[in-house]
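# Secondary and tertiary structure notes
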Amino acid sequence: MNLKVCMIVTDGFEEIEAVGTYAILRRGGLTVDVYALNGTQATGRFGLTCAQLKPFDTLDAAQYAALILPGGPQYKALEAHPGVQQLIKTFMQADKYVCAICAGPTLLGNAGYLKGRNYTCFTAMDEDFGGHYQPDYAVQDGRIITGKSAAAVIEFAFLILQAVAGKETADKTKKEIYYQPR
């Protein structure tokens, strides 16, 4: 089983969506490689700079079970980048997981990948993507996993963890982070 996933960020990424997802997946034992669209660092929407990231042009999709696209204002730069569009297509054609949260699912919707599918995204960004918008925090339809907003990070990350590493791993990790009375 391939327990490696990749995430793409650039300036304007939503910190909680990237870092929260990263932390839960790492806690669950996955390798999470974070790629910067430009260079080797990115500064989030609220000023957090992540450095020593991998350069996007070195990303080899064959190494990964899932692609993760956090939201935030960065979605515009990701959507405009032909390499990102090609990467999404590569993951979709290889029947690998494509995961996007908040503004991120608009990349999938605008590219036609949400047609006929259940999905969620930041409510104000829901356009007619030809699918079935769900008001839930996180939605999985086949190999596409979507999250509604920054508030949905935990549910979004656990759907990814369960999809990639299995229900047992996701449940064990949940027990580790949720308060357990003695």
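Everything quoted here is computed from the prediction, not taken from an experiment.

### A look at the state of the cysteines
Linking two cysteines covalently through their sulfur atoms gives a disulfide. Within the structure shown, the criterion is met by zero disulfides. Here Cys99 is not disulfide-linked; the sulfur of Cys6 is the nearest cysteine sulfur, at 9.5 Å. The thiol of Cys121 is not disulfide-bonded; the next cysteine sulfur, from Cys102, is found 8.3 Å away. Accessibility expressed as a relative area gives 0% for Cys121, which makes it buried.

### Focus on the packing of aromatic side chains
Counted by the stated rule, this structure contains four aromatic pairs. Seen from their ring centres, Tyr119 and Phe129 are 5.7 Å apart, and the 65° between their planes marks the pair as edge-to-face. Note that Tyr119 is positioned in strand E8 (residues 118-119) and Phe129 in the loop between E8 and strand E9 (132-133), a separation of 10 residues in sequence. Judged on exposure class, the residue Tyr119 and its partner Phe129 are both buried. Between the aromatic rings of Tyr119 and Tyr133, the centroid separation amounts to 5.9 Å while the plane-to-plane angle is 75°, which identifies the pairing as edge-to-face. Of this pair, Tyr119 sits in strand E8 while Tyr133 sits in strand E9; the two residues are 14 residues apart in sequence, bridging distant segments of the chain. The exposure class assigned to Tyr119 is buried, which follows from its relative accessible area of 1%. Taking relative accessible area as the criterion, Tyr133 reaches 24% and is therefore assigned partly exposed. Taken together, Tyr119, Phe129 and Tyr133 form an aromatic cluster joined through their ring pairs. Above the face of the Phe91 ring, Lys96 is positioned so that its terminal group lies 5.5 Å from the ring centre.

### With respect to unusual backbone geometry
Glycine aside, a negative phi is what most residues show, and trans is what most peptide bonds show. Look at Gln52: it is not a glycine, yet its phi comes out positive at around 55°. Counting through the fold element by element, Gln52 comes out in the loop between strand E4 (49-50) and strand E5 (54-55).

### A closer look at the pattern of salt bridges
Summed over all chains, the structure comprises five salt bridges. The salt bridge involving Arg117 is made with Asp141; its shortest N-O contact spans 3.7 Å. Of this pair, Arg117 sits in the loop between helix H4 (105-110) and E8 while Asp141 is found in strand E10 (residues 138-141), placing the two residues 24 residues apart along the sequence. A salt bridge links Lys172 to Glu176; the shortest N-O distance between them is 3.4 Å. Of this pair, Lys172 and Glu176 both sit in helix H6 (residues 167-177), four residues apart, roughly one helical turn. Judged by its relative accessible area of 55%, Lys172 is exposed. For Glu176, a relative accessible area of 42% gives the class partly exposed.

### Looking at the side chain of Thr10
Its place among the elements puts Thr10 in the loop between strand E1 (4-9) and helix H1 (15-27). Among all residues touching Thr10, those that are not within four sequence positions of it are Leu37, Asn38, Ala42, Thr43, Gln74, Ala77 and Leu78.

### Section: the sheet that holds strand E2 (residues 31-36)
The seven strands are arranged E5-E2-E1-E6-E7-E11-E10 in an open sheet whose pairing can be described as mixed. For this open sheet the edge positions go to E5 and E10, each flanked by a neighbour on one side alone. Relative to strand E6 (residues 66-69), E1 runs parallel, the two sharing three bridges. Across the sheet, Met7 pairs through a bridge with Ile68, a residue of E6. Packed on one face of the sheet, helix H5 (residues 153-165) meets E1, E6, strand E7 (97-101), E10 and strand E11 (144-147) and runs near 175° to E7.

Parameters and conventions
- Residues numbered from 1 in each chain as written.
- Predicted model: local features only at pLDDT ≥ 70, side-chain atom pairs only at ≥ 80, totals over all residues.
- Heavy atoms only, no water.
- Disulfide = S-S within 2.5 Å.
- Buried < 20%, exposed > 50% of the residue type's maximum accessible area, 1.4 Å probe, protein only.
- Phe/Tyr/Trp six-rings, centres within 6.5 Å; stacked < 30°, edge-to-face > 60°.
- Helix = DSSP H or I, 4+ residues; strand = E, 2+ residues; numbered from the N terminus.
- Lys NZ or Arg CZ within 6 Å of the ring centre and 35° of its normal.
- Salt bridge = Lys/Arg side-chain N within 4 Å of Asp/Glu carboxyl O.
- Contact = heavy atoms within 4.5 Å.
- Pairing = 2+ DSSP bridges.
- Axes fitted to C-alpha atoms, helices over the stretch in contact; angles between N-to-C directions.

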